[in-house]
Every structure is written in structure tokens, then in C-alpha cells.
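# A look at the structure
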Amino acid sequence: MAINWFPGHMNSTRNAINDRMKAGLDVVIELLDARLPGSSANPLLAQLTAGKPTLKLLNKQDLADPERTALWLAHYNSLPDTRAIGLDASNKAPAQALIKACRELAPLRGGMVKPLRVLICGIPNVGKSTLINTLVSKRSAKTGDEPGITKVEQKIVLDQDFYLFDTPGMLWPKIAIEESGYNLAASGAVGRNAFDEEEVALELLAYLRRHPAYLDMLKARYKLGEVEGLNDEQLLTEIGRKRGAMLGGGRVNLQKAAEVLMYEFRQKVLGPISLETPEEFKAWAAVAEEREAARQAKAAARKNKRLKGPATRAERDASLAAPENPESTELDEEAEREG
């Protein structure tokens, strides 16, 4: 699914991160959604902060599958210059764990002469503002259940020699991994006007029913019988019927059913669910990389063909007589822009 949601303040965030890198930065904290750690890791942030030690905070781990969270923590902790810890709403004093992990990543920084300078980033609606309010024990950052609440950079002193720079939540302009687009939409990281809720709900159902433990959660929540003979749309219809999402004439409102399903996933009403494992995400990324390489090769071939022109007079005449395909022209223009 194509997700295009990159508001103006996100471009400002990118510029702010560049400025922070130039001013001096020791550690990058990236807040991830524990239900989708791979999909919520921003590749643009990795480019902007390349070479800096990174602390991965898997937030909302109370909403996630604990076995899968353990896999992700082990994965990130195996990477060089990277630490990973899990957080959730039950962590009443996460500041000490966060400060300790950052000091371990930058052992040569500390003291008033060389204070530790830390940048905290994350995708929209990942819980960053709530975490910061907990860290400073007061309401210093606006919070809400909609992405894009924080708009400007904030400097927060967590310790006398520990400076935390908060930035607005930022996605990236092109989400190449198709599954990541669905997972980000299902989690609430993307503004609801940027995707079709019914489409996302159907993909969410398709993933959940492929995993027996999650399928059991669906059956228990919606009091479903055997669903093996139903396709995803029929299953969503049954969920809508069970939850009273009805239209006139006994018809099910699939839009309302989709909203109910995603809300109850986000709120852990279904149970603790994670939408990806490290191995699954690695496989998805490989497919996306192959698809992108093929797209670039086709774009290069089209461009090369246009530059050379038709080889024979007959081909030139056929080219001039052929009606222009708007869709093809649009793809060619996009290919030229992207190189």
C-alpha cells in the first residue's frame, strides 16, 4: 500500500536533525513501537544520524507479544554501537535506565565540560511525548492519540550533564516495504486521511489469521466459530455483525467494522499482538529491495530508449502515430525525477 504522508513540519524536523548533527550530538535515541519495531524504525533517521551510537527504545511493550519483543531486543542488541531496552506504561521511573544506557554508549562524554548531548526521535504517535513527560515528572510536552502533536524541537535537562533534545515525530517520504505501510497505518502512526481503513483492516486480519495464537484471540474476542472457510472480507463482515456495525436491511457497515477492529487492536482489547518478527521484516525488506531495483532498471531502460530514439523509419513513424499513454508518461516522468 502506498503511504504518502509527510506534512511540512516533518520536513522541518529533518532540517532540525541536520542542524543538531552539525551543532554536536553524542547519542541518538529512537523510540520504536514494540508491536512493529522494524516498520517503525525510520530509515531516513538512520541516514541523517549515520555513525552515531543508537539506543532503541521499544515503547508500548505492554501492548506487544512478549516473546516477539524478546526477539527484537536480542536482534538490536547484537548490532554494533546499539543498545535496546523495552518500555511501557508501567515504567514509573524510566529516566535512570535511559541515562545509564546512553552513558554506556558514549563513555567519553560526561561532566559539565563535556555534557552528554542526546537526540530523541520517533515516528508520530509512538508515545514519545508521554515518555518525556514521565522523564521530567511534569507535563512539558503535548500528548494525544493523533500523530503529529509535537511541532518544534525542545531541550530537556535530565541530569546536570545530560541534555535531551526532543524533535517532532517524523515518517519518511516513501515507505518502500508494503507490509510496513499497512502496519504503520494499523498502529495509528499515519494520519487516517492517508489510507483506506477497510483495506488496512483486511490486511491486519490476513496477518492475524496466519498465526494460530492471534486467530484464537480474534475468535475469543468476537465469539466466532470456525472461520477457516471465510475469506478476509467475510471475516470482517462477521466481526462487524458481532460488534453491531450494521446498516439498514441487515447489511454490515464494513467501514465501521474496520474502525472497530483497528481500535481494539491498538488498545490491546484483542490481546498482546506484534505484527512482525525480525525474520519476517528481513524477508519483506529483501522483496522491497528487489522490487525497487527492478523499477529503477525499467526506468533506466525507458530513458535510454527515449534518448536513442526509434532505430528505423518504420519505428519512428509508428512512434509518432501511436497515441500517448498518460499513465506511461507519468511513470516516465517519475523515473526521470528519481534518476
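For clarity, every value in this text was computed on a predicted model and none was experimentally measured.

Take the overall build of the protein chain next. Counting its secondary structure elements, the protein chain contains 13 helices and six strands. Looking at the protein chain residue by residue over its 339 residues, the buried ones come to 48%. In the protein chain, the proportion of contacts linking residues at least 24 apart, taken out of those at least 6 apart, comes to 70%. With an accessible surface of roughly 17400 Å², the protein chain has 51% of that area assigned to carbon and sulfur atoms.

Further remarks concern helix α9 (residues 232–242). Those residues of α9 lying buried are L235, L236, T237, I239 and G240. Buried residues in α9 make contact with α7 (197–209), α8 (212–222) and α10 (254–266). Measuring from the backbone nitrogen of E233 back to the side-chain oxygen at the start of α9 gives 3.1 Å, which picks out N231 as the cap.

This next bit is on the confidence of the model for the protein chain. Averaged over every residue, the pLDDT of the protein chain is 85; the share at 70 or more is 83%. Mean pLDDT across the secondary structure elements of the protein chain bottoms out at helix α13 (residues 326–338), with 45, and peaks at helix α3 (residues 66–77), with 98. Here residues 139–151 is a poorly scored stretch, pLDDT under 50, and it has 35 contacts once near neighbours within four places are set aside; other chains count. Below a pLDDT of 50 lies the segment residues 326–339, which in the model reaches nine contacts outside its immediate sequence neighbourhood of four places, other chains included.

Counted by the stated rule, this structure contains two cavities of 30 Å³ or more. Of the volumes computed, that of the largest cavity is approximately 40 Å³. Contributing to the lining of the largest cavity are E30, N42, L45, C121, G122, I123, P168 and M170. Within the lining of the largest cavity, the residues separate by chemical class into five nonpolar, two polar and one charged. Of the voids in this model, the second largest cavity is the one considered here, and its volume is about 30 Å³. Around the second largest cavity, the lining residues are D33, R35, K60, I123, P124, N125, V126, S187, G188 and A189.

What follows deals with the packing of helix α6 (residues 178–187) against α7. As a packed pair, α6 and α7 sit with axes 9 Å apart at the nearest point and diverge in direction by 105 degrees. The pairing of α6 with α7 is recorded here as roughly perpendicular in orientation. Each of Y182, A185 and A186 in α6 lies in contact with α7, whose residues at this interface are E199, V200 and E203. Taken together, the residues of the contact of α6 with α7 break down into four nonpolar, no polar and two charged.

Calculation rules
Residues numbered from 1 in each chain as written. Predicted model: local features only at pLDDT ≥ 70, side-chain atom pairs only at ≥ 80, totals over all residues. Heavy atoms only, no water. Helix = DSSP H or I, 4+ residues; strand = E, 2+ residues; numbered from the N terminus. Buried < 20%, exposed > 50% of the residue type's maximum accessible area, 1.4 Å probe, protein only. Contact = heavy atoms within 4.5 Å. Areas by Shrake-Rupley, 256 points an atom, 1.4 Å probe, with all protein chains shown as cover. Polar contact = N/O pair within 3.5 Å; in protein donor to acceptor, adjacent residues only side chain to side chain. pLDDT = per-residue confidence, 0-100. 1 Å grid on protein atoms, 1.4 Å probe; cavity = no way out; pocket = protein on both sides within 12 Å on 5 of 7 lines; lining within 4 Å. Points joined across faces, edges and corners; volume = space filled by probe spheres on them. Nonpolar A, V, L, I, M, F, W, Y, C, P; charged D, E, K, R; others polar. Axes fitted to C-alpha atoms, helices over the stretch in contact; angles between N-to-C directions. Parallel < 35°, antiparallel > 145°, perpendicular 65-115°, else oblique.

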